[in-house]
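# Observations on the three-dimensional arrangement
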Amino acid sequence: MMDKRAVQASGYSVFMIGGIAISLDTDENEVLQLAAKELRRAGINPARLNLSIYKRSVDARKKNSIKLVYSVRATAEGDYRVSEEALKRVKYPSTPINDNAMEFSFGDEVSEYPPLVVGMGPCGIFCALLLAENGYRPILIDRGDGIAERVRKTTRFTRDGELDPESNIQFGAGGAGTFSDGKLVTRVNDARINYILRRFCDFGAPEDILVNAKPHIGTDLLVNVVDNMLARIRELGGKVIYRCRLDGIEYLENNVRAVTTSGDIMCSSLVLAPGHSARDTYEMLMKSSFSLAVKPFSVGVRIEHLADDIDRALYGDFAGHAKLGRAEYHLSDTTSGRGVYTFCMCPGGEVVAAASERGGVVVNGMSKHARDGVNSNSAVLVSVRPDDIGGTCRDAIEFQRRLERAAFEMGGGDYYAPVQTVGDFLNGKSGTEPSRIIPTYRDGKYKCADMNKIFPEFVSSELKLGLNSFDRKLSGFACSDAVLTGVETRTSAPVRILRGEDMCAIGHDRIYPCGEGAGYAGGITSAAMDGIRVAEEIAKKYNSENDEN
């Protein structure tokens, strides 16, 4: 006889019931009813639980029967606990949720100086925010401008081709992620992820990022979120300094002196979160006895389709349904042994000018929260191995630069971008003007060119393999009038600043390399998480200035 008892002192107080699929026209409340019904069948009393929507995703594998798939969060009231045996009786996948608060312990070492965080991308901001909220009064610097001025600089560059190498899409408050789709997807399973999503909401991000399986904020909302986070750091006694570039690091007794363009800054510890485009910072570190290693990275192009075409290809007759939004894809092919894949897909977005050095063209993708642009775009990238480009850090950076300079020349100068239709690229031709699909880069500042003259053969051949492969997986992906815009070279850092288990740079016990620029993250969420981990390590070592701690 089945044991009806589902309550155990050692059981679970918070768990997830997953895989509940409903049609697009079914009311969301029915999900909670289905979960409650199944719990009762498994011998669990739903009246003792608070049920709420935990995650929502789209299952479009069958275009004639698209489903919304939900996970339900169940939280026990009082001392009620659900046993592992009871969860196994639930027909839907059911697992406990780790809802423990992040551990934050404080060390004993006292310093007369606060920690310094270099870089205001998601890694640096979350590191500084957590330190500030625990009484450390960090100093946060970035070579670029604050949000308002940075928006003006990027707008002027898009319109007039006037580039500020210190403040652009790569550098400034919020980092490169500010001018992107604002994706918050990560494959990492870590309790810090929920913390990051909640904090984004605290500072103005939409609440749906807590539920959507593929959350995104959008650049139009993200700029305000970043501004609010920086304001909070200042409110807690931290300092935020713009137009302040790190040019050197010196050790004095038990402290560190940061040599910057705004003067020397003394600090107890220095967090290096410079972003993946801080090439001069890499050079400074290599000359200053830091250990750096070249790592695999990727280069390629942006491909643009009509957003409606992608919606129909993925959703069929359900395209345009209010509950679906714009369609997203992620495609890859490793049959050659190298690897080509799509990255940072921006539904209803635009291709943006992302250069940070004069004489080079770089592209990226960006979209607003509504994703209501005419085109959808994504990067199509080819993996680059260290032995493809010489094997050293300087070789990797110079490889990126050569492609960017070649793109600048092929675009005719003034930061016009080279474009080529997919039909021309696959058939060895060039010169066909885009017609049905109009490039969004800088509102039309482009020039038809031959991408084969920009990339080495191994990149071009892999791009062609990928386009044909992806067309078999997603009908119309390689349509002849889709548009390629080059070049995308800043998807990740080509080098890694080596660190130990204590997260300090090898041989430099007060320097903490982290985030994308240090080679330890790939995207907004993973970079933020790495910054949090560094803040935790700093707290373990140094005493907070907050008397309550």
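This text follows the structure it describes.
Quick summary incoming for the structure in this document. (Residues numbered from 1 in each chain as written. Predicted model: local features only at pLDDT ≥ 70, side-chain atom pairs only at ≥ 80, totals over all residues. Heavy atoms only, no water.)

### A closer look at the overall build of the protein chain
Assigned secondary structure in the protein chain consists of 12 helices and 23 strands. In terms of overall size, the protein chain behaves like a compact globule, its C-alpha atoms giving a radius of gyration of 25 Å where 549 residues would be expected to give roughly 24 Å. A principal-axis box enclosing the C-alpha atoms of the protein chain has dimensions of 75 × 65 × 40 Å. A total of 549 residues make up the protein chain; the buried ones form 56% of that total. When contacts within the protein chain are restricted to residue pairs at least 6 apart in sequence, long-range pairs at least 24 apart make up 75% of them. Summing over all exposed atoms, the protein chain offers an accessible surface of approximately 22700 Å²; the carbon and sulfur share of this is 46%. Both charge centroids of the protein chain, one from 68 positive and one from 74 negative side chains, sit 4 Å from each other. (Helix = DSSP H or I, 4+ residues; strand = E, 2+ residues; numbered from the N terminus. Rg over C-alpha atoms; globule rule 2.2 N^0.38 Å. Buried < 20%, exposed > 50% of the residue type's maximum accessible area, 1.4 Å probe, protein only. Contact = heavy atoms within 4.5 Å. Areas by Shrake-Rupley, 256 points an atom, 1.4 Å probe, with all protein chains shown as cover. Lys, Arg positive; Asp, Glu negative; His and termini not counted. Charge placed at Lys NZ, Arg CZ, Asp CG, Glu CD.)

### Looking at the packing of helix α3 (residues 122–133) against helix α12 (residues 524–541)
Here α3 crosses α12 at 35°, and the two axes come no closer than 7 Å. The element α3 and its partner α12 pack so that their crossing is right-handed. Together, P122, C123, F126, C127, L130 and L131 of α3 and I524, A527, A528, D530, G531, I532, V534, A535 and I538 of α12 make up the contact between the two elements. A breakdown of the residues in the contact of α3 with α12 according to their chemical character gives 13 nonpolar, one polar and one charged. (Axes fitted to C-alpha atoms, helices over the stretch in contact; angles between N-to-C directions. Left-handed = near helix turned anticlockwise from the far one by under 90°. Nonpolar A, V, L, I, M, F, W, Y, C, P; charged D, E, K, R; others polar.)

### Quick word on the sheet that holds strand β9 (residues 255–260)
Judged by pairing direction, the sheet is antiparallel, and its three strands sit side by side in the order β8-β9-β10 without closing on themselves. Across the chains shown, the open sheet's two edge strands, defined by having one partner strand only, are β8 (246–252) and β10 (263–267). Across this sheet, the average inter-strand angle for adjacent strands is 25°, counted without regard to direction. Relative to β10, β9 runs antiparallel, the two sharing five bridges. By the bridge assignment, V256 is partnered in β10 with C267. (Pairing = 2+ DSSP bridges.)

### Focus: unusual backbone geometry
Cis geometry is adopted by the peptide bond preceding V487, which originates at G486 and carries an omega value of 0°. The backbone of D414 sits at a positive phi, close to 55°, despite the residue not being glycine. Note on placement: D414 falls in the loop between α9 (393–410) and β19 (417–421). Looking at D414, the relative accessible area reads 42%, which means it is partly exposed. The phi torsion at Y415 lies on the positive side, around 60°, for a residue other than glycine.

### Looking at the layout of surface pockets
Volume-wise, the second largest pocket comes out at about 1000 Å³. What lines the second largest pocket is a set of 35 residues, and nearest its centre among them are V58, Y315, L324, R326 and E328. At four residues, strand β2 (residues 49–59) tops the list of elements feeding residues into the lining of the second largest pocket. For the lining of the second largest pocket, the per-class residue count stands at 16 nonpolar, six polar and 13 charged. (1 Å grid on protein atoms, 1.4 Å probe; cavity = no way out; pocket = protein on both sides within 12 Å on 5 of 7 lines; lining within 4 Å. Points joined across faces, edges and corners; volume = space filled by probe spheres on them.)

### Considerations on the packing of aromatic side chains
Enumeration over the complete set of coordinates arrives at eight aromatic pairs. When the centroid spacing of 5.4 Å and the interplanar angle of 75° are considered together, the rings of F104 and F106 count as edge-to-face. We classify F104 as partly exposed; its relative accessible area is 22%. Overall, F106 belongs to the partly exposed group, its relative accessible area being 27%. Centroid distance Y329 to F477: 5.5 Å. Interplanar angle 85°. Geometry classified as edge-to-face. Here the residue Y329 occupies a position in the loop between α8 (307–315) and β14 (332–333), and F477 occupies one in the loop between α11 (457–473) and β21 (483–488), the gap between them amounting to 148 residues. Among the aromatic residues, those joined into a cluster by ring pairs are F104, F106 and Y136. (Phe/Tyr/Trp six-rings, centres within 6.5 Å; stacked < 30°, edge-to-face > 60°.)

### Details of the side chain of S94
Residue position: S94 is located in strand β4 (residues 94–96). Once residues lying within four places of it in the same chain are set aside, the contact partners of S94 are M16, I17 and L87.

### A few points about the environment of F455
With respect to the secondary-structure elements, F455 resides in the loop between β20 (446–448) and α11. Distance in space between the C-alpha atoms of F455 and R402 is 9.3 Å, their sequence separation being 53 residues. The residues touching F455, leaving out its near neighbours within four places in the chain, are V299, G300, V301, L403, S460, L463 and V487.

### A few points about the nonpolar core
Core analysis: the largest hydrophobic core is formed by 109 residues, its most contacted members being I17, L270 and F455. No other element matches the eight residues that α9 contributes to this core. Formed by 51 residues, the second largest nonpolar core is a distinct cluster that contains L129, I147, I209 and L222. (Core = buried A, V, L, I, M, F, W, Y, C linked by side-chain atoms within 4.5 Å.)

### Thoughts on the pattern of salt bridges
If you walk through the whole model with that rule in mind, you get 45 salt bridges. A salt bridge links R156 to E162; the shortest N-O distance between them is 3.7 Å. The exposure class assigned to E162 is partly exposed, which follows from its relative accessible area of 44%. Here the salt bridges do not stand alone but share partners, grouping D145, E149, R152, K153, D164 and R243 into one network. (Salt bridge = Lys/Arg side-chain N within 4 Å of Asp/Glu carboxyl O.)

### Some details on the sheet that holds strand β1 (residues 14–23)
Overall, antiparallel pairing links the four strands, which are arranged β2-β3-β1-β4 in an open sheet. This sheet does not close on itself; its edge strands, each paired only once, are β2 and β4. Strand-to-strand twist in this sheet, taken as the mean axis angle between neighbours without regard to direction, amounts to 25°. Of the strand pairs in this sheet, β1 and strand β3 (residues 67–76) are connected by eight bridges, and their pairing is antiparallel. From the neighbouring strand, I17 faces β3, where its bridge partner is V72. Against the sheet, helix α1 (residues 29–41) makes contact with β1, β2 and β3, and its axis sits at roughly 120° relative to β1, the strand it touches most.

### Looking at α8
Three or more residues of α8 are buried, namely A307, I310, D311, A313, L314 and Y315. Viewed end-on, α8 has its buried residues packed into an arc of 165°, placing them on one side of the element. Against β2, β13 (297–306), β15 (340–346) and β18 (375–384) lie the buried residues of α8. At the exit of α8 stands G316, carrying a positive phi of roughly 55°. (Arc of directions from axis to C-beta.)

### Comments concerning the packing of α3 against helix α6 (residues 219–235)
Contact geometry for α3 and α6: axes closest at 9 Å, N-to-C directions at 35°. The handedness of the crossing between α3 and α6 comes out as left-handed. Residues I125, F126, A128, L129, A132 and E133 of α3 lie in contact with α6, whose contacting residues are V226, M229, L230, R232 and I233. Here the residues of the contact of α3 with α6 are counted per class, giving nine nonpolar, no polar and two charged.

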